[in-house]
Every structure is written in C-alpha cells, then in structure tokens.
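Observations on the three-dimensional arrangement
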Amino acid sequence: MIACLYNALLWSMLITVANLQNEWFDMRVNTGGIFFAVAFVLALLFSMIKPLRKKLNSFAMCFFSLVITCAGLFYLLGIEGLPVIPASVIREGLMQNHLDFHVINIALIAAALGGLILTLFTTKYER
Amino acid sequence: MKKFILALLVITSCVSLAFAEELIINKEAGEIIVPAEVNGKYLVSPTKHALSYFKGGNGEKAILRALVSELDYYHALVELGAVPGDNIKAEDMKAKSSAEGKRTEGSKLSVFLTWEGSNGEVPLDDAVITTTANGDVRKMDLRFSGNLEFASKYRPGCFICLDSCAAGINTNAAWPTGAMNNKEVSFKGNAKVLPPDGTKVNVIVRLVK
C-alpha cells in the first residue's frame, strides 16, 4: 500500500509538471488540485489492479520511479525551475501562498527519501 | 478562561491591524498605490498576468499578488479621472493571431514598483521579460480597459494583464488579443529586477495626462 502511494505521488508530480508546460493549462487550473487529484486516482488504480500492485510493490520499482521523476523534472524545468515549480504546485494545492519554497522543498526531499526508506521495509511484508 | 479568550481576541486583532493593507488614492499626485507581493513561481514560468487579487480566480497566476480588491481599484481609477475603454469583449479573446485581434483602449497609465531596497521606482516594463517569436519587442502601453461587468460577474481578480484582455481592469495595448493564442509573445517576471518570492511591493499606478 505504501509503495502504491509513493509511486502515485511521484508520477502525479511528473504528470502535473509536464502539463504545466502548457501555459493555457497553467492559467486555468489549480495545479496543486490537479496534483492531489491525479495522485488519488493513481493510488486507487495502483492498489486495485493486482498485477500492477505486484509490480510496483518493490523497493527497486520505487527507486526507479524516484529516479525517473527527478530526471523528468530536471529535463522539464531545468536548474532554474526545479526549486520553484514543484514547491509552487504543493503551495497552490494547500492554498498556503505564504509558505516558503525552501520549507516545501525540504519537506518534499524528506518525503521522497523517507518514503523510499519506508518502502524498503514495507515491501518485504506486503507481497 | 474569559480573560484568556479576551486576551487572544486582542492579540489577534492587533496582529491583523499590523498587517492591514489598504489601497491608497492620492488625487493630488494623480496616483494609486496597490499593496502586493511577489509570486516567485512566475519569475521562472510564463504568465499573462502582471497583478491579480489574491482572492480572485487568477490570484495565484500573476507575477504580483494584489492584497486589495480589483473592484475597489477600478473605482479608485474612476475617482482619479481615468476613462475606461470597455472595447474588448469575450469573443475578441478567441482571435487566432494578433492580426485578427483587437487592441484595448482607455486612459493611458504608467505603472511603477517599489519595495524595501528597490533603490527608487522601477517601471513595470523592466520587471517583466517579454519574449517574442520574431524578436519584436514593444514598450508596454497600459490602459484603463475597464471590464467592470466581467470583473464583477466572474471575479478573476485581474488588475493588470500583459496583453489586451476582456477581463483585466488594466491591460496592455501593445499586444492585441490573439497574440498569446498564436504564441507570438510570452511574459514572465524578471528575476534579476524583482525581489524574491513573498516580498511586499507597492504598485504605483499613475494616470498619464
């Protein structure tokens, strides 16, 4: 379950940021709302479809998702946008426009690494 | 317990008073000062909004987040003697290119920004990076577009749009409607000029006579 959620959050961030490359889309939606909605739908799909769940429920797959997400975000945003756009997505979703980007970035890095370590232990028992 | 609640009420009201932000109208100087803050997202990402009311639909989509209502701002401009153009309709926004598009009309305005450490007034034009498909850079031509009916009905919160628009109180006549649809131009905040995310700025709007 944790691995499904972890993968869903990572893929959702990548999908949201990819969509933000379209200015028309960015101007018309709450990007944070899209992030949380896509994460919810993906988490449901990943946990309900058994073959998918089995495939994703491994540390290797979670690590792969993390690497792909980081590489994808770097490709889409570059060094300038990487510390700003993912944090702004979270900030807009939480409707907390005074939250500092640095604070959100620290929380995102902690969640990404902490989640990965957590999947290392949980995936052994959740097959 | 009652004393505690009373003390809490006093403290919260003092805090909210300390952060009270107001629209300032200076008739003698012919200017309006709008309190706002920088949204760091649009220093790295394109947008068509320079200034939007934070509670409006586009509040988080602008380079600067206004802390007062766009409707109060409209009435302040009228009080200052500005005349709204009101010539751009929603259907004009469907133009496929600037050749098909329409330019906003209305009283001409000049907009400057100041913040702590800004070293004087910075023209809004310098705080925005304009990128064009053919290198055609135009000077900003901000007008009192009006659009009160649209603004009151849909509450997008738009104070200043960077192209001619049917929603903004002020929009830019330098770029007709359709220019952005056709990707002829894009805008973003200038990170080399503007202060970092969250910094409070004063947006000074003057009527050009």
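In this report, we go over the structure that sits alongside the text. (Residues numbered from 1 in each chain as written. Chains lettered and ligands numbered in written order. Predicted model: local features only at pLDDT ≥ 70, side-chain atom pairs only at ≥ 80, totals over all residues. Heavy atoms only, no water.)

Three or four residues apart is the spacing at which side chains of an α-helix point the same way, because the helix has 3.6 residues per turn. With 19 residues, helix 1 (residues 2-20) of chain A extends 27 Å from end C-alpha to end C-alpha; this agrees with the ideal 27 Å at 1.5 Å per step. Of the positions making up helix 1 of chain A, those classed as buried are Ala-3, Cys-4, Tyr-6, Asn-7, Ala-8, Leu-10, Ser-12, Met-13, Leu-14, Thr-16, Val-17 and Leu-20 of chain A. (Helix = DSSP H or I, 4+ residues; strand = E, 2+ residues; numbered from the N terminus. Expected span 1.5 Å × (residues − 1). Buried < 20%, exposed > 50% of the residue type's maximum accessible area, 1.4 Å probe, protein only.)

This part takes up the nonpolar core. Residues Val-34 and Val-203 of chain B are the most contacted members of the largest nonpolar core, which totals 49 residues. Looking at this core, the element that brings in the most residues is helix 2 (residues 70-79) of chain B, giving 5 residues. (Core = buried A, V, L, I, M, F, W, Y, C linked by side-chain atoms within 4.5 Å.)

The next point concerns the packing of helix 5 (residues 59-81) of chain A against helix 7 (residues 101-122) of chain A. All names here are of chain A. Packing of helix 5 against helix 7 leaves a shortest axis separation of 9 Å and a crossing angle of 165 degrees. As far as their axial angle goes, helix 7 and helix 5 are roughly antiparallel. As helix 5 runs across helix 7, the sense of the crossing is left-handed. Here helix 5 contributes Phe-59, Cys-62, Phe-63 and Leu-66 to the contact with helix 7, which in turn contributes Ala-112, Leu-116, Thr-119 and Leu-120. Residues of the contact of helix 5 with helix 7, tallied by class, amount to 7 nonpolar, 1 polar and no charged. (Axes fitted to C-alpha atoms, helices over the stretch in contact; angles between N-to-C directions. Parallel < 35°, antiparallel > 145°, perpendicular 65-115°, else oblique. Left-handed = near helix turned anticlockwise from the far one by under 90°. Contact = heavy atoms within 4.5 Å. Nonpolar A, V, L, I, M, F, W, Y, C, P; charged D, E, K, R; others polar.)

Let's shift gears to a nonpolar patch on the surface. A contiguous nonpolar surface patch, about 650 Å² in accessible area, is contributed by Phe-40, Val-41, Leu-44, Leu-45, Met-48, Ile-49 and Leu-52 of chain A. A per-element tally of the nonpolar patch places helix 3 (residues 31-48) of chain A first, with 5 residues. (Patch = residues over 30% accessible without salt bridge, like charges linked within 9 Å, V, L, I, M, F, W, Y side chains within 5 Å. Areas by Shrake-Rupley, 256 points an atom, 1.4 Å probe, with all protein chains shown as cover. Salt bridge = Lys/Arg side-chain N within 4 Å of Asp/Glu carboxyl O.)

Turning our eyes to something else, we now look at the pattern of salt bridges. Tallied over the full model, the rule gives 19 salt bridges over all chains. As a salt-bridge pair, Lys-48 of chain B and Asp-163 of chain B come within 3.1 Å of each other at their nearest N and O atoms. Residue Lys-48 of chain B is found in the loop between strand 2 (31-38) and strand 3 (49-53), and its partner Asp-163 of chain B is found in the loop between strand 9 (158-161) and strand 10 (170-172); the two are separated by 115 residues along the sequence. Each of the two residues, Lys-48 of chain B as well as Asp-163 of chain B, counts as buried. A salt bridge links Lys-102 of chain B to Asp-92 of chain B, with the shortest nitrogen-to-oxygen separation between them at 3.5 Å. Linking Lys-102 of chain B in the loop between helix 2 and strand 5 (109-115) with Asp-92 of chain B in the loop between helix 2 and strand 5, this pair joins segments that are 10 residues apart in sequence. A residue is classified by how much of its surface remains accessible, and Lys-102 of chain B, at 34% relative accessible area, is partly exposed. Each member of the salt-bridge network shares a partner with another, and the members are Asp-26 and Glu-92 of chain A together with Lys-41 and Lys-61 of chain B.

Our focus in this paragraph is the interface of chain B and chain A. The extent of an interface is frequently quoted as the accessible surface area lost upon association of the parts. The interface of chain B with chain A comprises 20 residues on the first partner and 17 residues on the second. A buried area of about 1,400 Å², summed over both sides, lies between chain B and chain A, and 47% of it is on carbon and sulfur atoms. On the chain B side of the interface with chain A, the three residues burying the most area are Lys-41, Val-44 and Lys-61 of chain B, jointly 39% of the side's total. For the pair chain B and chain A, the number of links is 6 salt bridges. Its salt-bridge partner being Glu-92 of chain A, residue Lys-41 of chain B comes within 3.9 Å of it at the nearest N-O pair. Our count for the contact surface shared by chain B and chain A stands at 9 residue pairs in polar contact (both at pLDDT 80 or more). Partitioned by chemical class, the residues of the side of chain B that touches chain A number 5 nonpolar, 7 polar and 8 charged. (Buried area = accessible area lost by both parts, 1.4 Å probe. Polar contact = N/O pair within 3.5 Å; in protein donor to acceptor, adjacent residues only side chain to side chain.)

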